[in-house]
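Each chain, letter by letter, is given below.
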Amino acid sequence: MINVNFETRINEARAEELLGQIKADPMGGWADLPFNFNKKELASIKKAARKINSESEVLVCIGIGGSYLGHRAIIEALQPRGIKIIYAGNSLSRRELDRALAEVEGKDFSVNVISKSGTTLEPSIAFKAFKDKLIEKYGEQEAYQRIYATTDAARGALHDEAVAKGYERFVVPDNIGGRYSVLSAVGLLPLAAAGVDVDALLAGAKEIAETLQRTGNELSKTPIMQYAFMRHDLGERGYDTEVFASFEPATMYFNEWLKQLFGESEGKNKQGIWPASVIYSTDLHSLGQFMQDGRRNLWETIIDFPTDELNAKVVTAVKKAHSVGGIPVLSLEVPSYDERGFGELIYFFEMACAISAKLFGVNPFDQPGVEAYKSELKKLMEV
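1. Re the overall build of the protein
A tally of regular secondary structure across the protein gives 17 helices and 10 strands. Against the 2.2 N^0.38 benchmark of 21 Å for 383 residues, the protein shows a C-alpha radius of gyration of 21 Å, consistent with a compact globule. Counting all 383 residues of the protein, 53% fall into the buried class. Total accessible area on the protein is roughly 16900 Å²; 50% of this is exposed by carbon and sulfur atoms. Distance from the positive charge centre (44 side chains) to the negative charge centre (53 side chains) of the protein: 2 Å.

Below, the structure is given as structure tokens:
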């Protein structure tokens, strides 16, 4: 179980109220996934993952933002032994798309395109390129059997195309937004294909989620509540930047997922905490000077995995040095560097982020700023 090295006073009634609001929210469906993930859907995900592994050397995952960051974070961290995963559709760089296309040259491959609407520009461009490559290599009939569409259950451009052409379909639930979708089919299909034990991942999430089932004084003392309320307290005291710190280089994409999760959930109405990240000990030789001696508007959240003796000494040294330097240091002790540990972390941060956003008085589940960018881009594309 994740432990925290700090404690803040929490009004029990307020904690229960916020938890109730999140679970009752029309976009709060992710909160119950560890308890009630559909067994039939999970079996279909595992079956598709086995098929992908049996006929392909590479799975191309096409998506942007919450459609790829969460599962990429876990795959990069754990380096499982399943099929090789490559990523496309997360930028508009032609060079990156060409590199991804080159990686499947001469290889058998399948495609998992992940998009609620099917109209987001970046994945749409990449999907067309890889679909054309599949058809060129296998012909239309076999190409369509190698495409797996994770999209809306009933509508949208990708849904309609998948139905018309016979792609195997998985659902992006209506009550789960992208950045909270790691434990849905959005994340579980590529994770299972990559060789991640998705049952253990869900079990880890369930373990931390069960702490919030308790009532009375225990709820306010759970690590999730302590972290959510502590970061709000720090924000109210003028600490406007949170630096997520890990000592494992392979968790770089986990940091990227955290930045999206907190940035999109909290950054509204001129509210929220700016999420940043570092990987130690590497960044101690670049950003370490600023952390130790720069502006004191930030705090550090250390994600502390079990590690070897030398790295453990670095963790201890950083905590002490930065605390002496005037940085509030929060430490989250993760029990294991495996599927269960990352399952706990995913749910821990999803729930803590949603509660924290509520404390700042914003909706954790919309992203009007992103929609504004899309609207401006659409105008330019029409010129």
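2. Focus: the side chain of Lys131
Considering the arrangement of structural elements, one finds Lys131 in helix α6 (residues 121-138). Accessibility expressed as a relative area gives 13% for Lys131, which makes it buried. Within the structure, Lys131 has its side chain in polar contact with the side chain of Glu161 (distance 2.7 Å). Other than its neighbours up to four places away in sequence, Lys131 contacts Ile147, Glu161, Lys165 and Tyr167.

3. A word on helix α9 (residues 185-194)
Counting buried positions along α9 yields 10 of 10 residues, so the element is predominantly enclosed. Taken together, the buried positions of α9 are Ala185, Val186, Gly187, Leu188, Leu189, Pro190, Leu191, Ala192, Ala193 and Ala194. Looking at the residues trailing α9, positive phi occurs at Gly195, about 100°.

4. Quick notes on the sheet that holds strand β7 (residues 241-246)
Pairing in this open sheet of five strands is mixed, and the strands run β1-β10-β9-β7-β8 from one edge to the other. Strands with a single pairing partner mark the edges of an open sheet, and in this sheet they are β1 (3-4) and β8 (274-279). Relative to strand β10 (residues 329-333), β1 runs antiparallel, the two sharing two bridges. Looking across to β10, one finds that Val4 is bridged to Leu332. Relative to β10, helix α12 (residues 223-236) is tilted by about 165°, and along the sheet it contacts β1, β7, β9 (298-304) and β10. Sitting on the sheet, helix α13 (residues 252-266) is in contact with β7, β8 and β9, with an inclination near 175° to β8.

5. Notes on the pairing of strand β4 (residues 109-114)
Burial of β4 is extensive: six of the six residues sit out of reach of the surface. Burial along β4 is two-sided: Phe109, Val111 and Val113 and Ser110, Asn112 and Ile114, pointing in opposite directions, are all buried. Both strand β2 (residues 58-62) and β4 contribute to a ladder of five bridges, which runs parallel. Across the sheet, Leu59 pairs through a bridge with Ser110, a residue of β4.

Basis of the calculations
Residues numbered from 1 in each chain as written. Predicted model: local features only at pLDDT ≥ 70, side-chain atom pairs only at ≥ 80, totals over all residues. Heavy atoms only, no water. Helix = DSSP H or I, 4+ residues; strand = E, 2+ residues; numbered from the N terminus. Rg over C-alpha atoms; globule rule 2.2 N^0.38 Å. Buried < 20%, exposed > 50% of the residue type's maximum accessible area, 1.4 Å probe, protein only. Areas by Shrake-Rupley, 256 points an atom, 1.4 Å probe, with all protein chains shown as cover. Lys, Arg positive; Asp, Glu negative; His and termini not counted. Charge placed at Lys NZ, Arg CZ, Asp CG, Glu CD. Polar contact = N/O pair within 3.5 Å; in protein donor to acceptor, adjacent residues only side chain to side chain. Contact = heavy atoms within 4.5 Å. Pairing = 2+ DSSP bridges. Axes fitted to C-alpha atoms, helices over the stretch in contact; angles between N-to-C directions.

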